[in-house]
Amino acid sequence: MKAKSIILTGGGTAGHVSLNEAIIPSLVEAGYDVHYIGSHEGIEKELIGNAFPDIPYHSIASGKLRRYFSVQNFTDPFKVMAGVLQAFSIIKKVKPSVIFSKGGFVSVPVVVAAKLANVPVVVHESDVTPGLANKIALPFASHIFTVFKETLRHLQQDKATCTGSIIRQQLFEGNRERGLAFCGFTAEKKVMLIMGGSLGSVVVNDAVRANLKKLLEQYQIIHLCGKGNKDASLEGLEGYRQFDYVTDELPDLLYAADFIVSRAGSNSIFEFLALHKPMLLIPLSAAKSRGDQILNARLFKKQGFAHVLDEDTMTKESFYQAVQDLAANSEEMIDKMFDVERPKTPAEMVSLITQYEK
């Protein structure tokens, strides 16, 4: 008997790929023939290709959906239409029983094509309010799962369910000693892990480097600064390790960290929460985004899991003080994190997705 097929889609940022990465092993274990549809050059192609070289990856055209004026707003719809035709062809060939979309611009042509091919689509939304791609996808979706209960207010009630967070099993397999050894650190100083998102953050990177001398007097620093954002002049500095980004080593680095400074993407902050890592969140400003990270950060602050720093008003001095406050209040944050309901496993998420297959 031929195995059932499933198509996953999502991309543009690591946040639109990480859940797909988490559930692929469970899908394979359950006997599914897994395929991935992404863009030609997006980060999803690299992440999925590196982690799962045996999973067929199908590239399609993808246009960016902008909330501001751009000449490309007139040309990208044609890319989306081309992507729909390409995705439709892939769907007819693969014959999936269900399609799972994590969002991002590349998912839009796939979701539309799935509707045309009469294949059920399950969508996942990680942020408090649905992103533009997922808003477009909603009319075509059989069901949408959310991480935040607050998100349900924005969705059709009979086709939306809050599952809570879903955490990759490998994150719980990290080892502090391995993380310290990978960075050449000792156990004598606290470790601060700084993450600017998969694409990096100039604002966060600049604030860290402006305070680096003072910070290194108290902490060892792991700095994930984004592709192409390493500072060659800081290579070899004792107590400081910088990386464009990491994949296989991330669980060990998370276990090595005593606290974390990060953007406020939903997937990441729920991973920090599950590992009981106190966090200072610096969400993308409303000028650079639709404000989803601001809402995520506010909710975590309200629940006592994080401190929040506004990047628009952040200075060298306020960043340093916020780090000090984080270190001082970390034990209190950890205590509150232990009261949180455990996250869903990837296998549990797979069972939720596949109940909608045809």
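Coordinates for the structure precede this section.
Not measured: the values here are computed from a predicted model.

1. Overview of unusual backbone geometry
A positive phi angle, near 55 degrees, is found at Lys-95, a position not held by glycine. Among the structural elements, Lys-95 can be located in the loop between α3 (72-94) and β4 (98-101). Positive phi values are uncommon outside glycine, yet His-276 reaches one of about 60 degrees. Position of His-276 among the secondary structure elements: in the loop between α10 (266-274) and β12 (279-281). For His-276, a relative accessible area of 24% translates into the label partly exposed.

2. Thoughts on the pairing of strand β6 (residues 143-146)
Neither face of β6 is exposed, since His-143 and Phe-145 on one face and Ile-144 and Thr-146 on the opposite face are all buried. Note: strand β5 (residues 121-125) against β6, four bridges, orientation parallel. Bridging from a neighbouring strand, Val-123 pairs with Ile-144 of β6. At this point the chain moves from β5, through helix α5 (residues 132-137), to the parallel β6, and the crossover so formed is right-handed. Summarising the sheet, β6 and strand β7 (residues 160-162) pair through three bridges and their orientation is parallel. Bridging across to β7, Phe-145 finds its partner in Thr-161.

Parameters at a glance
- Residues numbered from 1 in each chain as written.
- Predicted model: local features only at pLDDT ≥ 70, side-chain atom pairs only at ≥ 80, totals over all residues.
- Heavy atoms only, no water.
- Helix = DSSP H or I, 4+ residues; strand = E, 2+ residues; numbered from the N terminus.
- Buried < 20%, exposed > 50% of the residue type's maximum accessible area, 1.4 Å probe, protein only.
- Pairing = 2+ DSSP bridges.
- Right-handed = clockwise from strand over helix to strand, strands pointing away.

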